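So the chains spell out like this:
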Amino acid sequence: MAKQLAGLLAAEVRSRRGQLGLTQRDLADMAGVSERFVRFVEQGKPSVLLDSLTAVLETLGLELRLATRTSQAALTPGGPAAAAGSVKEAQP
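Please read these numbers as outputs of a predicted model, since none were measured by experiment.

> So what exactly am I meant to see when it comes to helix α2 (residues 24-31) here?
Along an α-helix, residues three or four apart share an orientation, since each turn contains 3.6 residues. Those residues of α2 lying buried are Q24, L27, A28 and A31. Each buried residue of α2 sits inside an arc of 100 degrees when the element is viewed along its axis, so together they form one side. Every exposed residue of α2 that faces more than 90 degrees away from the buried side is listed here: D29 and M30. G32 lies just past α2 and shows a positive phi near 75 degrees.

> Quick question: what am I supposed to make of the pattern of salt bridges here?
The tally for this structure, following the rule as stated, stands at 4 salt bridges. Put simply, E42 and R17 hold a salt bridge, and the shortest N to O gap is 2.5 Å. One end of the pair, E42, is in helix α3 (residues 35-43); the other, R17, is in helix α1 (residues 2-19), with 25 residues separating them in the sequence. Classification of E42 as buried rests on a relative accessible area of 6%. In this structure, E63 engages R65 in a salt bridge whose closest nitrogen and oxygen atoms are separated by 2.4 Å. With respect to class, E63 is no different from R65; both count as exposed. When salt bridges with common partners are traced through the structure, they connect R25, D29 and E35 into a single cluster.

> Help me understand the packing of aromatic side chains in this model?
Any aromatic ring pair is given by two values, namely how distant the centres are and how the planes are angled relative to each other. A full pass over the atoms with the stated rule returns 0 aromatic pairs. In this arrangement the basic side chain of K45 is found over the ring face of F40, its NZ or CZ atom lying 4.0 Å from the centre.

Rules of the game
Residues numbered from 1 in each chain as written. Predicted model: local features only at pLDDT ≥ 70, side-chain atom pairs only at ≥ 80, totals over all residues. Heavy atoms only, no water. Buried < 20%, exposed > 50% of the residue type's maximum accessible area, 1.4 Å probe, protein only. Helix = DSSP H or I, 4+ residues; strand = E, 2+ residues; numbered from the N terminus. Arc of directions from axis to C-beta. Salt bridge = Lys/Arg side-chain N within 4 Å of Asp/Glu carboxyl O. Phe/Tyr/Trp six-rings, centres within 6.5 Å; stacked < 30°, edge-to-face > 60°. Lys NZ or Arg CZ within 6 Å of the ring centre and 35° of its normal.

Nothing here speaks to function; it is geometry throughout.
Okay, here's the thing in structure tokens:
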């Protein structure tokens, strides 16, 4: 799941950056992150810092949304939903 999310984020960030005509350096400077971090996001590296990722997404006019899953895996005790309990509380 994390790999799929990282791949989706990578594609969206690359696409939006291209639409805006920004280089990786431009985006990094505007978002206040390193060019290396932008490269990692665009490569789909799954372990990126959330605050830095949020800065990149905000700079590009993108947002990350969380939604409640209703799949059986999410409802299984001890499954992904149990680990995400604190995330659920943070939703508006």
